[in-house]
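Read off the chains here:
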Amino acid sequence: MNLIQKAYCRFYQGCMRLALPFLPYREPTLIDGIAAVPKVLEKAGIQKVLLVTGPHIYASGLTAPLEAALAGAGIGCAVYNKTVSNPTDADVEAARALYLASKSQALIAFGGGSPMDCAKVVGARIARPDVPVAKMGGLLHIRKPLVPLIAVPTTAGTGSETTVAAVITDAKTHHKYAINDFVLIPPYAVLAPEVTFGLPPLLTATTGMDALTHAVEAYIGRSTTPETRAAATEAVRLIFENLPFACADGQNRLARANMLRASYLAGTAFTKSYVGYVHAIAHSLGGKYGVAHGMANAILLPTVLEAYGSAVWGSLAALARAAGLCEEDVSDEAAAAAFIAAVRRLNADWNIPAAFDVLKPADIPALARTAAHEANPLYPVPVLWDASQLEAVYRRVLKDA
């Protein structure tokens with residue numbers, strides 16, 4: 001990246017950092033369990049809701065206790081259960097049509113990041129029927145309050161229950177883009193470990209690595225605050241201490257609860273401090289090949305951290321010491337290496353590959369341009385890369401590279 005581009009990116013990021021204390025960030029009110037959801041709705045005078053979830057979650061019966069609680073309180077519930085992984089604008093429009101046809105008054109997102117992102121943008125389209133989904137990409141293109149939204153995460157990874165972001169894929173072009181607006185932060189969230197019980201080990205691992213990526217990218221970036229550093233540090237510690245137990249035993253309530261807490265904390269951190277090139281590259285791969293976001297982040301995280309080099313040694317060393325991954329008296333370089341090695345061990349323990357078998361060398365230039373367009377100048381990364389420099393990162397995660 002040339003000096004003029006670098007100067008522009010850092011100036012933009014500096015302005016954003018100066019504005020942080022004045023921006024309307026907030027955290028959702030936490031509801032104490034599924035059974036308490038109807039009381040919140042009753043207090044708001046809501047008599048009909050749209051439940052947004054995915055086909056596998058719905059088929060598993062995970063939503064049944066919530067639906068029963070709503071029925072017991074006399075609250076009607078329409079269900080959109082067709083949200084795909086990497087939700088599309090077509091999902092949003094189908095769910096919005098059902099919301100309007102059923103005369104719902106609120107949304108409940110039940111699932112991982114995909115149902116939550118879908119429900120957020122459904123709320124945005126209801127608030128702004130004049131703005132198509134494709135025009136909402138980027139920063140602050142909604143700017144109107146959403147209908148009430150309750151987020152119930154069933155995976156400990158995305159942190160979408162507390163973030164300003166929703167990621168949507170264009171159903172026709174497969175372009176994946178982020179929508180960012182403060183109104184997308186759900187006003188309510190339910191962190192219920194029982195809805196994550198039995199989640200398969202690999203999905204538990206990849207979503208947990210998604211949360212780890214959020215925390216790490218928020219911490220090593222250049223727009224951190226004391227609050228976001230503290231939240232990210234605690235999230236990293238909780239993930240290293242609990243993810244192996246959550247993967248090994250799907251019924252481990254304490255590990256599952258701690259992972260939900262870690263995901264939530266990581267979400268609060270990256271909502272303010274942003275993410276980095278891991279996410280930009282992961283989004284490009286998800287849009288092009290349909291790679292699950294958590295899997296993409298898990299594969300990319302150690303490689304991108306290594307590519308950053310000495311620029312992140314100090315930050316990674318602090319995280320490594322806080323998580324007990326190294327001795328206190330080792331050098332920052334050694335501590336950073338210990339952190340990256342620990343990330344690779346977590347991946348290896350749960351059979352997460354080190355490269356993408358779907359990635360095609362001929363696609364790399366276009367993918368790199370997409371990632372660069374997303375990240376620069378918005379993401380306050382520790383090292384700035386243009387598209388040509390990002391191509392080298394893609395090549396490091398080619399199968400048999």
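On a predicted model such as this, the values are computed, not experimentally measured, just so you know. (Residues numbered from 1 in each chain as written. Predicted model: local features only at pLDDT ≥ 70, side-chain atom pairs only at ≥ 80, totals over all residues. Heavy atoms only, no water.)

## Quick word on the sheet that holds strand 8 (residues 176-180)
Quick reminder of the rule: For two strands to be treated as a pair, DSSP must find no fewer than two bridges joining them. Per the convention used, a helix needs a DSSP run of H or I reaching at least four residues, while a strand needs a run of E reaching at least two, with both numbered from the N terminus.
Strand order in the open sheet made by the three strands is 5-8-7, with mixed pairing throughout. Strands at the two margins of the open sheet, each flanked by one partner only, are strand 5 (138-139) and strand 7 (165-169). The sheet contact formed by strand 7 and strand 8 spans five bridges and is antiparallel. What sits directly across from Ile168, in strand 8, is Tyr177.

## What about helix 15 (residues 387-396)?
Three- or four-residue spacings in an α-helix give side chains the same orientation, since the helix completes a turn every 3.6 residues. Keep this limit in mind: A simple rule labels every residue: compare its accessible area, found with a 1.4 Å probe on the protein chains alone, to the largest value its type can have, and call it buried under 20%, exposed over 50%, or partly exposed in between. For this quantity, the arc is that covered by the directions from the helix axis to the C-beta atoms. Between two residues, a contact is recorded if the distance between any of their heavy atoms is within 4.5 Å.
Among the residues making up helix 15, those that are buried are Ala387, Leu390, Glu391, Val393 and Tyr394. The buried residues of helix 15 occupy one face: seen down the axis, they fall within an arc of 160 degrees. Where helix 15 is buried, its residues touch helix 10 (277-289), helix 11 (293-308) and helix 14 (364-375).

## Some points on the pattern of salt bridges
Our working definition: Put simply, a salt bridge is a Lys or Arg side-chain nitrogen that is within 4 Å of an Asp or Glu carboxyl oxygen.
One pass over the structure, following the stated rule, counts eleven salt bridges. Note that Arg253 is salt-bridged to Glu194, the shortest N-O span being 3.5 Å. Of this pair, Arg253 sits in helix 9 (residues 253-273) while Glu194 sits in the loop between strand 9 (188-190) and helix 7 (201-220); the two residues are 59 residues apart in sequence, bridging distant segments of the chain. Residue class for Arg253 comes out partly exposed when judged on its relative accessible area of 47%. The salt bridge partner of Asp332 is Arg321, with a shortest N-O separation of 3.0 Å. With Asp332 in helix 13 (residues 332-349) and Arg321 in helix 12 (residues 313-322), this residue pair connects regions lying eleven residues apart in the sequence. Residue classification places Arg321 among the partly exposed residues on the basis of a relative accessible area of 21%. A cluster of three or more residues bridged by salt bridges with shared partners is formed by Glu93, Arg96 and Arg125.

## Some words on the pairing of strand 4 (residues 106-111)
Residues in a regular strand project their side chains so that they alternate between the two faces of the sheet. Counting buried residues in strand 4 gives six out of six residues, a clear majority hidden from the surface. Two strands pair when backbone bridges link them, and strand 2 (residues 48-52) and strand 4 are joined in this way by four bridges, in the parallel orientation. Bridge pairing links Leu50 to Leu107 in strand 4. As judged from the five bridges shared by strand 4 and strand 6 (residues 149-153), these two strands associate in the parallel manner. Its bridge partner lying in strand 6, Phe110 is registered against Val152.

## Quick look at the packing of helix 12 against helix 13
Operational definition: All axes are obtained by fitting lines to C-alpha atoms, using only the stretch in contact for helices, and the reported angles, taken between N-to-C directions, cover 0 to 180 degrees. In these notes the angle categories are as follows: under 35 degrees is roughly parallel, over 145 is roughly antiparallel, 65 to 115 is roughly perpendicular, and the rest is oblique. Crossing handedness follows the turn of the near helix against the far one: under a right angle anticlockwise gives a left-handed crossing, and clockwise gives a right-handed one. Put simply, Ala, Val, Leu, Ile, Met, Phe, Trp, Tyr, Cys and Pro go in the nonpolar bin, Asp, Glu, Lys and Arg in the charged bin, and everything else, Gly too, in the polar bin.
Across the interface, helix 12 lies against helix 13 with an axial gap of 7 Å and an inter-helix angle of 65 degrees. By the angle between their axes, helix 12 is roughly perpendicular relative to helix 13. The two elements helix 12 and helix 13 meet at a crossing, and its hand is left-handed. On helix 13, the residues that touch Trp313, Gly314, Leu316, Ala317, Leu319, Ala320 and Arg321 of helix 12 are Asp332, Glu333, Ala335, Ala336, Phe339 and Ile340. Its residues assigned to classes, the contact of helix 12 with helix 13 shows nine nonpolar, one polar and three charged.

## What to know about helix 6 (residues 113-127)
For the record, the criterion: To estimate the expected span of a helix, subtract one from its residue number and multiply by 1.5 Å.
Taking 1.5 Å of rise per residue, the 15 residues of helix 6 would be expected to cover 21 Å, and the 21 Å separating its terminal C-alpha atoms lies within 8% of that figure. With respect to burial, helix 6 is a largely interior element, 15 of its 15 residues being buried.

## A short note on the state of the cysteines
To keep things clear, this is the line we draw: Note on terminology: disulfide denotes any pair of cysteine sulfur atoms within 2.5 Å.
Scanning all chains against the criterion turns up zero disulfides. Not part of a disulfide, Cys15 finds its nearest cysteine sulfur in Cys9, a span of 12 Å. According to the relative accessible area criterion, Cys15 is partly exposed, its value standing at 37%.

## Notes on the packing of aromatic side chains
The relation between two aromatic rings is expressed through the spacing of the ring centres and the mutual angle of the planes. Test applied: Side-chain rings of Phe, Tyr and Trp (the six-membered ring for Trp) are treated as a pair once their centres are within 6.5 Å; stacked means planes under 30 degrees apart, edge-to-face means over 60, and tilted covers the remaining angles.
Evaluated as defined, the whole model comprises five aromatic pairs. Between the aromatic rings of Tyr277 and Trp385, the centroid separation amounts to 5.1 Å while the plane-to-plane angle is 15 degrees, which identifies the pairing as stacked. With Tyr277 in helix 10 and Trp385 in the loop between helix 14 and helix 15, the pair connects residues that are 108 residues apart, well separated along the chain. Residues Tyr308 and Trp385 carry aromatic rings whose centres are separated by 5.0 Å and whose planes lie at 20 degrees to one another, so their mutual orientation is stacked. Of this pair, Tyr308 sits in helix 11 while Trp385 sits in the loop between helix 14 and helix 15; the two residues are 77 residues apart in sequence, bridging distant segments of the chain. In terms of burial, Tyr308 and Trp385 fall into one category: buried. Following the ring pairs from residue to residue traces out a cluster consisting of Tyr277, Tyr308 and Trp385.

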